[in-house]
Amino acid sequence: MKKIITGLLLAGSFLANAAEPEFTVKQLQQVTELRTNASNSELSYQLLESLTTEIGPRLPGTENDKKAVAWAQAKFKELGFDKVWLEEATFPEWRRFSESGKILTPSEQPLHLTALGHSVSTPKDGITAEVVLFETLDELIAAPANSLKGKIAYINYHMNRHIDGNGYGPAVRARSTGSVEAAKKGAIGYMMRSVSTAHHRFAHTGGSHYQEGVTKIPNVTIANPDADQLARLVALGKNVTVNINVQTEDRGQGTGYNVIGQFNGTQNPEQYVLIGGHLDSWDLGTGALDDGAGVALTMAAAKHISEIKRPKRSIRVVLFAAEELGLWGAKAYFKKHANELDKIVAAAESDFGADVVYGFESNVSAASLPVVRAIAKQLAPLNVEYIGKNSANGGPDLIPFKNATSAPIFELHQDGTDYFDYHHTADDTLDKIDPAKLKQNTAAYAVFALMAADAKTTIKAKPVASK
């Protein structure tokens, strides 16, 4: 009898849940149609081709950056978004003009390098000095005071390759503050192995920072094959000297714009799903992977949704400004909308290239997890696995939101196994994009955004932890 009663209770519970599903049969049919349409559409590739071909590299503050803003506005309007607008973001503007390097002793050899963002210039003839090798940033920090006087510090840290790019964070430590630590020890210049998994002879640029009260020294990365060459020379006990010549300029405060397009919801238009990427890029390539793909696929995903239906809540695509120089567009958006962040029902940024989305993860309240699981079920036909940890980090431009625990964060995990072969290099170009994989990304974002915007239950952020 006990087993019968238990069975009846479970059956009753199931029927109660089935009576009030998060999505109706009609809604799920619309999701299926959307998934099919987006999986077969060329729109995201066409947008990406246009951005990278007609505009090209988009370093914040440059003429191309301004052209990209105009391009995005025009494309949003052409795609029929209900609202299109700009929001200002200021940032420290910086330019790269020229760069070169060479090994001088024990024999003259070219050195493929690039200046890191915000690096100061060398003198016109460059700087020439002996190289002192360190394997990690911590080893450099532990070096004796004044031990690098008149020398060039070099960190040879190897970044590991992984599907989720987990080697990036540890490697970036040296990129971010290595020159500061080198200068503290008396160095006149700083070099590091590229934050990269590549074997190609391209140097990888990226953001770096100086510290008030510490001498600013030139700050460069070198291509991985050249890094290996330097390490071999040092291991042979050779006295290795190099010449570094970079010409750059700090141009003070610059002004850019977040470009925003929105399809309005039918019942609660003030609530919205936020998707997007960053519009700017480094100046070496054309920013196809980082982050033209994110721009194009989220714009296309929203457009595909509008062709199926207008969901209950709005779909907002935000193309953030000046991400590469320090998340300045994201910071500006967060500040401007600080009092209304509870209107965001889901936020996800695509900023990890254009390989396939393999996993779906949330960072939401426990009460919102039934909606998350319903979305995950509709992503499964795209070979996207549900990751139930509920601890998603989101893209870089969502860092301000996640840190404040102010919005429900989602992550559509992309395969990053090869991403750091091209990241921040001259090799970040359109030919690295696989159109079929871009379609899968677009379809995944479209399904996620529609369902988050159309769910019966409003997705909520995790409660702020008590202190």
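Residues numbered from 1 in each chain as written. Predicted model: local features only at pLDDT ≥ 70, side-chain atom pairs only at ≥ 80, totals over all residues. Heavy atoms only, no water.

- With an unreviewed UniProt entry as reference, the protein is termed Carboxypeptidase Q, source organism Pseudoalteromonas rhizosphaerae.
- Under Subunit (unreviewed entry), UniProt gives the following word-for-word description of the protein: "Homodimer. The monomeric form is inactive while the homodimer is active." (UniProt positions renumbered as here; feature names shortened; annotations may be inferred.)

**Focus: the overall build of the protein**
Here is step 1: Within the protein, the regular secondary structure consists of 13 helices and 14 strands.
Here is step 2: A compact globule built from 467 residues should have a C-alpha radius of gyration of about 23 Å, and the protein, at 24 Å, falls within 12% of that.
Here is step 3: Taken over the C-alpha atoms alone, the protein extends approximately 85 × 55 × 40 Å along its principal axes.
Here is step 4: Out of the 467 residues belonging to the protein, those deemed buried represent 57%.
Here is step 5: Counted over contacts in the protein with a minimum sequence separation of 6, partners at least 24 positions apart contribute 84%.
Here is step 6: Roughly 19200 Å² of accessible area belongs to the protein as shown, and the carbon and sulfur atoms make up 52% of that amount.
Here is step 7: Placing the 48 positive and 52 negative side-chain charges of the protein at their respective mean positions leaves the two points 5 Å apart. (Helix = DSSP H or I, 4+ residues; strand = E, 2+ residues; numbered from the N terminus. Rg over C-alpha atoms; globule rule 2.2 N^0.38 Å. Buried < 20%, exposed > 50% of the residue type's maximum accessible area, 1.4 Å probe, protein only. Contact = heavy atoms within 4.5 Å. Areas by Shrake-Rupley, 256 points an atom, 1.4 Å probe, with all protein chains shown as cover. Lys, Arg positive; Asp, Glu negative; His and termini not counted. Charge placed at Lys NZ, Arg CZ, Asp CG, Glu CD.)

**Observations regarding the packing of helix α3 (residues 43–55) against helix α13 (residues 435–454)**
Each pair of packed helices can be described by the angle between their axes along with the distance between the axes.
Here is step 1: Orientation of α3 relative to α13, taken along the N-to-C sense of each, is 115°, at an axis distance of 8 Å. Between α3 and α13, the crossing angle belongs to the class labelled roughly perpendicular. Relative to α13, α3 is oriented so that their crossing is right-handed. In this structure, α3 contributes S44, Y45 and L48 to the contact, and α13 contributes P435, L438 and T442.
Here is step 2: Here the residues of the contact of α3 with α13 are counted per class, giving four nonpolar, two polar and no charged. (Axes fitted to C-alpha atoms, helices over the stretch in contact; angles between N-to-C directions. Parallel < 35°, antiparallel > 145°, perpendicular 65-115°, else oblique. Left-handed = near helix turned anticlockwise from the far one by under 90°. Nonpolar A, V, L, I, M, F, W, Y, C, P; charged D, E, K, R; others polar.)

**Side note on the pattern of salt bridges**
Here is step 1: Per the stated rule, a full pass over the model turns up 21 salt bridges.
Here is step 2: The partner of K102 in a salt bridge is E108, with the nearest N and O atoms 3.8 Å apart.
Here is step 3: What makes E108 exposed here is its relative accessible area of 58%.
Here is step 4: The salt bridge partner of E249 is R251, with a shortest N-O separation of 3.5 Å. (Salt bridge = Lys/Arg side-chain N within 4 Å of Asp/Glu carboxyl O.)

**Topic: the environment of L327**
Here is step 1: Tracing the backbone shows L327 in the loop between β10 (313–320) and α9 (328–336).
Here is step 2: Residues L327 and D397, spaced 70 residues apart in sequence, show a C-alpha to C-alpha distance of 6.1 Å.
Here is step 3: Excluding residues within four positions of it along the chain, L327 makes contact with A322, P396, D397 and I399.

**Some thoughts on empty space enclosed by the protein**
Here is step 1: Per the counting criterion, the structure on display carries three cavities of 30 Å³ or more.
Here is step 2: Taken as a whole, the largest cavity encloses approximately 50 Å³ of empty space.
Here is step 3: By residue class, the composition of the lining of the largest cavity is one nonpolar, five polar and three charged. (1 Å grid on protein atoms, 1.4 Å probe; cavity = no way out; pocket = protein on both sides within 12 Å on 5 of 7 lines; lining within 4 Å. Points joined across faces, edges and corners; volume = space filled by probe spheres on them.)

**Quick word on helix α7 (residues 224–235)**
Here is step 1: Along its twelve residues, α7 runs 16 Å from first to last C-alpha, staying within 8% of the 16 Å computed at 1.5 Å per residue.
Here is step 2: N224, D226, A227, L230, A231 and L233 are the residues of α7 that are buried.
Here is step 3: The positive-phi residue at the C-terminal boundary of α7 is G237, with phi of around 80°. (Expected span 1.5 Å × (residues − 1).)

**Regarding helix α4 (residues 63–78)**
The α-helix advances 3.6 residues per turn, and as a result positions three or four apart in sequence lie on the same side.
Here is step 1: In this model, α4 (16 residues) spans 22 Å end to end at C-alpha, consistent with the 22 Å of a helix rising 1.5 Å per residue.
Here is step 2: Among the residues of α4, D65, A68, V69, W71, A72, K75 and F76 are the ones counted as buried. Seen end-on, α4 carries its buried residues on one side only, within an arc spanning 165°. Away from its buried face by more than 90 degrees, α4 exposes E63, K77 and E78.
Here is step 3: On its buried side, α4 packs onto α3, β1 (83–105), β8 (241–263), α8 (288–308) and β10.
Here is step 4: Just downstream of α4 lies G80, where phi reads positive at about 90°. (Arc of directions from axis to C-beta.)

**Digging into the nonpolar core**
Here is step 1: Among the nonpolar cores identified, the biggest contains 94 residues, and V273, F360 and F448 are the most heavily contacted of them.
Here is step 2: Not counting chain neighbours up to four residues away, the residues in contact with V273 comprise S314, I315, R316, V345, A346, F448, A449, A452 and A453. (Core = buried A, V, L, I, M, F, W, Y, C linked by side-chain atoms within 4.5 Å.)

**As for the side chain of Q30**
Here is step 1: Tracing the backbone through its elements, the reader meets Q30 in helix α2 (residues 25–40).
Here is step 2: Among the residues examined, Q30 registers a relative accessible area of 13% and is labelled buried.
Here is step 3: If we skip the residues at most four places from it in the chain, Q30 touches I308 and K309.

**A word on the pairing of strand β7 (residues 219–222)**
Here is step 1: What you see with β7 is no split at all: N219 and T221 on one side and V220 and I222 on the other are buried throughout.
Here is step 2: Where strand β3 (residues 113–115) and β7 come together, three bridges link them in antiparallel fashion. Bridging across to β7, A115 finds its partner in V220.
Here is step 3: Bridge count for strand β6 (residues 189–193) against β7 is four bridges, and the pairing is parallel. Note that in β7 the partner of M192 across the bridge is T221. (Pairing = 2+ DSSP bridges.)

**Let's talk about the environment of T241**
Here is step 1: Structurally, the position occupied by T241 is in strand β8.
Here is step 2: Considering only alpha carbons, one finds T241 and Q211, 30 residues apart in sequence, at a separation of 27 Å.
Here is step 3: In this view, T241 contacts K102, I103, L104, T105, A129 and E130; residues no more than four positions away in its chain are not counted.
Here is step 4: A distance of 2.7 Å separates polar atoms of two side chains, one belonging to T241 and the other to T105. (Polar contact = N/O pair within 3.5 Å; in protein donor to acceptor, adjacent residues only side chain to side chain.)

**Quick look at the confidence of the model for the protein**
Here is step 1: On average, residues of the protein score 94 in pLDDT, and 94% of them reach the 70 mark or higher.
Here is step 2: Here residues 1–19 scores under 50 on pLDDT; set against residues more than four positions off or in separate chains, the count is zero contacts. (pLDDT = per-residue confidence, 0-100.)

**Description of the packing of α3 against α4**
Here is step 1: Relative to each other, α3 and α4 sit at 150°, their axes nearing to 10 Å. The angle between the axes of α3 and α4 places the two elements in the roughly antiparallel class. Crossing handedness for the pair α3 and α4: right-handed. Contacts between α3 and α4 involve L47, S50, L51 and I55 on the former and, on the latter, N64, K67, A68, W71 and K75.
Here is step 2: Here the contact of α3 with α4 is composed, by residue class, of five nonpolar, two polar and two charged.

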